[in-house]
Protein chains: 4
Amino acid sequence: MSEAVQTAVIGVTGYAGAELARLLLHHPRLKNAPPVFAGRVDERDVERGGIPLAEIHHALVDSRGRGNLRQHPFSWELMTDLDVKVMFLATPHEQSRAWVPEALARGIRVIDLSGAWRLNEAVNRAIYAFEDEGSAQASEVQAEAVYGMPELHRGEIAGARLVANPGCYATSIILAVKPLVAAGLIDVQYGIIADAKSGVSGAGKAPTAKTHFMYAADNLSAYGVFTHRHTGELLEQIGIGAESMTFTPHLLPIPRGILSTIYLRFKDAQNRSAVIHAYRSFFANSPMVRLHEHGLPQIQHVVRTNYADIGFQLSPDGTRAVIVSCLDNLLKGASSQAVQNMNVMLGWDESEGLE
Amino acid sequence: MSEAVQTAVIGVTGYAGAELARLLLHHPRLKNAPPVFAGRVDERDVERGGIPLAEIHHALVDSRGRGNLRQHPFSWELMTDLDVKVMFLATPHEQSRAWVPEALARGIRVIDLSGAWRLNEAVNRAIYAFEDEGSAQASEVQAEAVYGMPELHRGEIAGARLVANPGCYATSIILAVKPLVAAGLIDVQYGIIADAKSGVSGAGKAPTAKTHFMYAADNLSAYGVFTHRHTGELLEQIGIGAESMTFTPHLLPIPRGILSTIYLRFKDAQNRSAVIHAYRSFFANSPMVRLHEHGLPQIQHVVRTNYADIGFQLSPDGTRAVIVSCLDNLLKGASSQAVQNMNVMLGWDESEGLE
Amino acid sequence: MSEAVQTAVIGVTGYAGAELARLLLHHPRLKNAPPVFAGRVDERDVERGGIPLAEIHHALVDSRGRGNLRQHPFSWELMTDLDVKVMFLATPHEQSRAWVPEALARGIRVIDLSGAWRLNEAVNRAIYAFEDEGSAQASEVQAEAVYGMPELHRGEIAGARLVANPGCYATSIILAVKPLVAAGLIDVQYGIIADAKSGVSGAGKAPTAKTHFMYAADNLSAYGVFTHRHTGELLEQIGIGAESMTFTPHLLPIPRGILSTIYLRFKDAQNRSAVIHAYRSFFANSPMVRLHEHGLPQIQHVVRTNYADIGFQLSPDGTRAVIVSCLDNLLKGASSQAVQNMNVMLGWDESEGLE
Amino acid sequence: MSEAVQTAVIGVTGYAGAELARLLLHHPRLKNAPPVFAGRVDERDVERGGIPLAEIHHALVDSRGRGNLRQHPFSWELMTDLDVKVMFLATPHEQSRAWVPEALARGIRVIDLSGAWRLNEAVNRAIYAFEDEGSAQASEVQAEAVYGMPELHRGEIAGARLVANPGCYATSIILAVKPLVAAGLIDVQYGIIADAKSGVSGAGKAPTAKTHFMYAADNLSAYGVFTHRHTGELLEQIGIGAESMTFTPHLLPIPRGILSTIYLRFKDAQNRSAVIHAYRSFFANSPMVRLHEHGLPQIQHVVRTNYADIGFQLSPDGTRAVIVSCLDNLLKGASSQAVQNMNVMLGWDESEGLE
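This is a predicted model, so every value here is computed, not measured.

1. Things to note about the overall build of chain A
The helix and strand tally for chain A stands at 14 helices and 15 strands. The C-alpha atoms of chain A give a radius of gyration of 20 Å, which matches the 20 Å a tight globule of 355 residues would have. Across its three principal directions, the C-alpha atoms of chain A cover 70 × 45 × 40 Å. Buried positions account for 54% of the 355 residues belonging to chain A. Taking the intrachain contacts of chain A between residues at least 6 apart in sequence as the baseline, contacts between residues at least 24 apart amount to 70%.

2. Looking at the interface of chain A and chain B
The partner chain B presents 29 residues to the 29 residues of chain A that form the contact. Sorting the residues of the side of chain A that touches chain B by element identifies strand 9 (192-198), strand 10 (221-222), strand 11 (245-251), strand 12 (258-265), helix 13 (299-302) and strand 15 (320-327) of chain A as the ones contributing at least two each. Across the side of chain A that touches chain B, the residue classes tally to 16 nonpolar, nine polar and four charged.

3. So, the sheet that holds strand 9 of chain A
All names here are of chain A. Taken in spatial order, the seven strands line up as 10-11-9-12-15-14-13 in an open sheet, and their pairing is mixed. The open sheet is flanked by strand 10 and strand 13 (289-291), the only strands paired with a single partner. Note: strand 9 against strand 11, seven bridges, orientation parallel. Note that in strand 11 the partner of Ser198 across the bridge is Leu251.

4. Quick word on the relation of the copies chain A and chain B
For the pair chain A and chain B, the superposition axis carries a translation of 0.0 Å, the fit reaches an RMSD of 0.0 Å, and the rotation angle comes to 180°. Put plainly, the chains are arranged around a two-fold axis. Most of the interface of chain A is mirrored in chain B, where 100% of its interface residues again form contacts.

5. Focus on unusual backbone geometry
Phi angles above zero are rare outside glycine, and Asp218 of chain C is one such case at about 50°. For Asp218 of chain C, the location among the structural elements is in the loop between helix 10 (213-216) and strand 10 (221-222). Of note in the backbone geometry, Asp83 of chain D takes a positive phi value of approximately 60° without being a glycine. Of note, Asp83 of chain D is situated in the loop between helix 4 (76-81) and strand 5 (86-89).

6. Quick look at the relation of the copies chain D and chain C
Its rotation angle being 180°, the transformation that places chain D on chain C also includes 0.0 Å of axial translation and leaves an RMSD of 0.0 Å. Interface overlap between copies is the fraction of interface residues in one copy that are interface residues in the other; for chain D against chain C it reaches 100%, indicating a shared surface.

7. Considering the interface of chain D and chain C
Counting residues at the interface gives 29 residues for chain D, matched by 29 residues for chain C. Among the secondary structure elements, those contributing two or more residues to the side of chain D that touches chain C are strand 9 (192-198), strand 10 (221-222), strand 11 (245-251), strand 12 (258-265), helix 13 (299-302) and strand 15 (320-327) of chain D. By residue class, the composition of the side of chain D that touches chain C is 16 nonpolar, nine polar and four charged.

8. A look at the packing of helix 5 (residues 93-105) of chain B against helix 7 (residues 136-144) of chain B
Residue and element names in this part refer to chain B. Following both chains from N to C, one finds helix 5 and helix 7 inclined at 70°, their axes separated by 11 Å at the closest point. Compared by their axis directions, helix 5 and helix 7 come out roughly perpendicular. For the pair formed by helix 5 and helix 7, the contact residues are Arg97, Val100, Pro101 and Leu104 on the first element and Gln137, Ala138 and Val141 on the second. When the residues that make up the contact of helix 5 with helix 7 are grouped by side-chain class, the tally is five nonpolar, one polar and one charged.

9. Some points on the confidence of the model for chain A
Of the residues in chain A, 96% reach a pLDDT of 70 or more, and the chain-wide mean stands at 94. Here the predicted complex carries an ipTM of 0.95, next to a pTM of 0.96.

10. Brief notes about the environment of Ala160 of chain C
All names here are of chain C. Looking at the element boundaries, Ala160 is found in the loop between helix 8 (150-159) and strand 8 (162-164). Using a count of 21 C-beta atoms within 10 Å as the deciding quantity, one classes Ala160 as buried. Once the C-alpha coordinates of Ala160 and Arg125 are considered, the two residues, 35 residues apart in sequence, prove to be 21 Å apart. Setting aside anything within four residues of it in sequence, one finds Ala160 in contact with Val146 and Met345.

How each quantity is defined
- Residues numbered from 1 in each chain as written.
- Chains lettered and ligands numbered in written order.
- Predicted model: local features only at pLDDT ≥ 70, side-chain atom pairs only at ≥ 80, totals over all residues.
- Helix = DSSP H or I, 4+ residues; strand = E, 2+ residues; numbered from the N terminus.
- Rg over C-alpha atoms; globule rule 2.2 N^0.38 Å.
- Buried ≥ 20, exposed ≤ 12 C-beta atoms within 10 Å, placed from the backbone.
- Contact = placed C-beta atoms within 7 Å.
- Nonpolar A, V, L, I, M, F, W, Y, C, P; charged D, E, K, R; others polar.
- Pairing = 2+ DSSP bridges.
- Least-squares fit on C-alpha atoms with pLDDT ≥ 70 in both.
- Axes fitted to C-alpha atoms, helices over the stretch in contact; angles between N-to-C directions.
- Parallel < 35°, antiparallel > 145°, perpendicular 65-115°, else oblique.
- pLDDT = per-residue confidence, 0-100.

Given below as C-alpha cells:
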C-alpha cells in the first residue's frame, strides 16, 4: 500500500455521489490519500472553504467530526495542483461531454458515471442529442472510451483513460443475458424481453411530479416503453438488434434497488445445470456477481450491497427461461461499479473495498 | 326497486370479504334487504348474537352505530329461513368445494370467490388437489359452473346457478389479451408473456413470513414462476396452450393493486388505431373496463375503484405490443367483480352500485 | 330535494380540491346542480373549454366519461351568471384574502379552506404576514368570519357568510381537548402537549425537497417546533394561553392521515366513565366524531373516511390522560369538514353526503 | 492486536442477531477469532454441521462464500471447548434468566440483549413475571448485573461479569433526558413526557397480526400506553418516580429506526447554550452520541448507523424544551450497543468496529 493515488469526485451532491464518497472514504488503498470533492460552490460557501459534506449527506460524518470533508469549488488548477490521477464524474451528461476532453488532455484518467460516453453508435446516441455530436473531438474521445463493466471488458478497462460507467438498468440486464448469449444458448431471433423495476433514487434528487411521495408511494408505473435511453447500451453490449430487445422500466415505491425479470427462449432445450455452467464459466473471475443456484434473488438481498445477484427458472420443457437479476442501482448500478473500475484501472484487486 | 333479493356473504373476515360487505351494504338494489353475514363464530360470540362486523373491520361502522351488523354462525337452516337467493362464498377452496353442491341442491345461486370451480380441465385443477376431484358430484357441479368474467361470458352468467369468480391476476391478464386474440391479431405461436405485480393483500390475511412487514417492505420478489395456479385460468379463458403463456407474479411493497405488463407479437404489423378498435369493439358494453387511448394506466389510477384499466404501446415497427393492465385485486380482482356478476345474474344494470 | 343550490370550487387541482370535488359530485342534495370548477386556465385550455378534471385527477372519471367535468377559467362574471350561492376556496392564503371581500360583496357565501380568515387575534395572524393586515376591509371581513368546526360553532356557522375551514392538525387536537376543557376537567395551568403526526399530502402537491420520496420514505421528522402556524387556532379555539400549549408536528412516511397524541393533567383524578361522559355530552349531536370507548383509534381507522376518531387512556391514578385523535387530513381535516359546514349553512343534515 | 478473545452469539436468527453477527464479523479486534454462533438446530441440520447463516440472513455471505458461517447446536461443552470468554444472548427473556447463572458459573462473561436482568426493583420486574423471581440465585445474579449503557455506567461495565443491554426505546429516552437531570436543570416534579415511535423490526421476526404488512403499512398506532415494560428502565436509570414519566410508544410504518419526542420543563428558564453545555459535558467521552447543535435529527440520519442523535428546541421563554432523540433500534438500540459494551469490558476503544 505504498502508492498514494489522488482521486477526485466531481458532483458529490446526488445520491450516487454520496455512495461514491462513502466507498472511497473507506477504501483501504486510499487511506492515506482521501479523495478531493469538487463541484459548484457559491460565493458564501467559498468563503468558508467549501460546503461541508455533512451538510449535504448527514451520514458522512461521525460524532467526532471526522469525515467532515468539504466540497471545494471545482477548477482545473485544483486538479493539477493536487496531482489528481483518477477523476470520477457524477455530473449531468452534457457536463461530462464538455469536461472529459480537457481531463484527458491534462493526463487525468476519467470514470464517467453519466451516459455521455457509453454508446458507440450514433443512432443510439441520438436520444441524448449531445451538442458536440459529430465533432472530431467528440468522435476521438468516444473512440477510446471503454464501457465500464469489468465482467465484460476487464482487459480494456485496465488500460483505459476513459471509462464510461454503465447505466443501472443496463447493468442488471446485460449481466443476466450476456453469459447465455456468449455461450450460444439463446434464440436471439425470438427476442429478449426485459421487464425492469427500479426504486425512486434512480429518478434523481431533483424534486419533480414523479418523485413526489404522493405519486411514487403505493404505486407502480411503467414508463419509457420502447424509448428508454438505456436501450442503446443493451443492444451494443449484448450484441443484438433493436428488434430483438423489448425493455420496459417501471418505477417502484421503494428508495433503492432494481429487479429485472428477463424472458428468453433457448435454441435447444436446456437443463438447469447447463445454464448454471454457462454462468459459472462467464463469471469465474467476477467477484461482484452472485449466482443463486437455488431460488431467486430479490431486492432485499442486494440493497446496500455491491453485488449483482442472478437466479433463474426454466420452463418444464427447458425451452424457455425466466431470469431474475437484482442490484442496488446506486452501487453495482453506479458507484460501486465505478470503484470496481478504478480497482481494475489501477491494478488492484477488483473487489478491494467492496466486500 | 320493488324486489327484495336476500343475499348472504360467507366468510366476511378476509380483505375481499370486507370489500364485498361494503359494496353490498351500499348497493342501491339491496337497500331494503341488506346481506346477511355468516361464518365461523365461537361459543362466546354466539351468546351475544354473533361477532359485530365493526370489531372485524372498523371501517364498516359509522358514528351512530349503523352498519354495525354481525357475523352470524353459519347454518343451512339460517340460509333457508332467510330465503337466501344469492350466496357469496369468500371461503377457502376446500370449503367451497364442499358447500356448493348443498347450496345448489337448496336452490341457492352461488358466486364463489375461491378457485374451487374455475377450471374446466382436470390437468389445470390438479394443482389444487381437491379431495373430491373426479367424483360424479364434483364433475356435475363443475359442468355447470360459469367463469365469472362478464366481459367474456355475460350471457351464460345471466342464467347461471354457479358463478366461479376469477382470480385477481387472471382478470388483469385475460381482459388485456382476450380482445386481441378474439380479433385474430396475435401471433399465439410466438407466445404471450405476462409479468404481473401485486400488492400484499393478495397474499391473504394470515400472518406469514412473506406477509411480515419486514419481508414485504422495501422489497420486490418474483414467485411461483411457471407454477402459479392462476395459469390454468389464463390458458382456458384465452384459449391457448401452456407453451404459449409465460406468467410471472411478483410481490409489490404496497397494500393493494395489480399491474400486469404483457408482451406479445402480432401476426401482422398493427397501428395504434387498429388496436384501439379491437379493444373498443370487444368492450363496447363493458362498463367496468377503461381503455387508455393515450398514456398508460398505473396502480394509483385503479386502487379503490371497481375498474380494470388497460393501455398499450406499440414497437416502432408495429410488430410488438407492450400492454399495461391495472386493477384493484380486492375489487375488480375479487369483490366488485362478484357484485358485477350478481348484477348480471339478477338482470340489473351491470355496473349498479359500482360507479 | 327541490332546491338547486349552485356551488363553485375554486382551485380543484390540489389534493384537498380533488377530494372536495369527489364529495360534491356525489352529494345527494347537489344531484341536479353539480358544482362548477374554476381556476387558473391557460390560453390553450381556454380554447377547448377548460381543463378536463380527468387530466388532473384520474379517479374523477368513470368508464363512460361521466364525471369528466372541466375546470373553467375563473371570473366573477361566471360566478354571477351561474348564480353561485356557495363558493369553496381551495386556494393559497393570499388569494383567499384578496377574493373573499369581493365574493361577500356579490352576495356569495364562502367556505375558505385556507388559513386566511381563521384567526381572531392579530398576534396569531402575524405569522402569515398578510399584505392587507390591519386594513379596515380585512378587519371587517375577519369580524364576521366563523371558525368552521360545527362541533364547536354549529349555530354561528348556520347563519355565516364566511366560514373559515380549520387546519388539519388543529381539527384533530381541538376536537380531542375542547370537550374536556369545556367540562372543566383539565389543569390548564399545567399545560397541554400535542404530539402530532401527519402524512405527506399535508405538505401539498408542489414537489419540494421535503415531499421527495427519498426524503419522506422510511423516515420520520419533527418540524415547526414551537412555531407551527396552526398553533394560533389551537390557542383561540381551546381558549388557552401560549404558555399552556406545546405542539409538535411530525412528517409521517404515509400518503394521508393524522394521529395526534395528546398529554394532559386533570384538576382532580378522573375515572374512565367520567371522561367518556364529558365527550359524549359534548358530541351528542355531532355525527362526524366517533368516540372509542375501548381501545385507541389508529390512522387506518380513519383514512378515506370523513370521521374524527378519539380514544384515550388514563394513568393508573387517574391524574393524567393520553388522548389519541385521528382523522384524514384531506377529509375531516379539510374537504369533508368543508362539506359539513356547507350542510350546516344550508340547513341540511350535517352528515349529508358524508356517511 | 495480539489477544484472541473468543466470543459466542446465542440466537442469531432474529433481526438484532443478524446485525450483531455482521458487526462482530467485521470487528477489527476479532479478525483472528471470529465469533461462534450457536442456538437451536434441528436433527437434519446437525448432520450437515449446523445451519449456514447465509440461509438465515442472505446479506451475511459474499460471492466467494466467505462469511458463510454456521449456527451450531448450542451446548455448554461447545462453549467450554472453544474457551468462550464473552457470550452474547440474543434470546427470549426466559431463556436468558435460565442460562446466565450457568454461564457465570463457568466463568463466561455475558452481554444479555433481553430484558431479563435490566431491572433492579422487583416492582418493575413484575411485568415480566419471571418464573425464578425471588429465588436466591436470581437475586444474586441480578445484584451483579450492570445496566449496559456506557454513557452512564462505563466504569462498572468495564469490570462486569453480566451486562444487561438496554431496551431500544429506553436507550433513546435515557440518553436524551439523563444529562439534563444530572445537571439539575429539569423540573422533575412537573414530569417528563416521552412520545416514542419505532419501526416494525422492534416488534420482532415472528409473523403476527401487528407485524402483517397490511396492518403496519400506511398506518400509525399507539400501544402499551402507561403499561410498556421499558418504563421500568426509564424510571430506574433516570432516577424518577412513576408519576413523573409518561411514555407512549407508537408503531411506525418503516422497517427500522426510533424517534422519541420528549417534553420537559426546566426549574429555571434556560438558553440554548446552557443546554448544549449540559449535553457536551455529559457526553464528553461518549463517541456514539452525536449532538445536533442546530436543527433536529430525524430517522434517516441514524438508520444503519451505530449512533444516537440528539437535538432540541426551547420554548421562546426558555422554560420548556422539546428534545428529539433518534437511533437505529437494531444497532444503538440493541446490537451495536452490545458491541460497545464488549469493547468497554475488554478494555478496547469504546467505538472500535462501530465507526
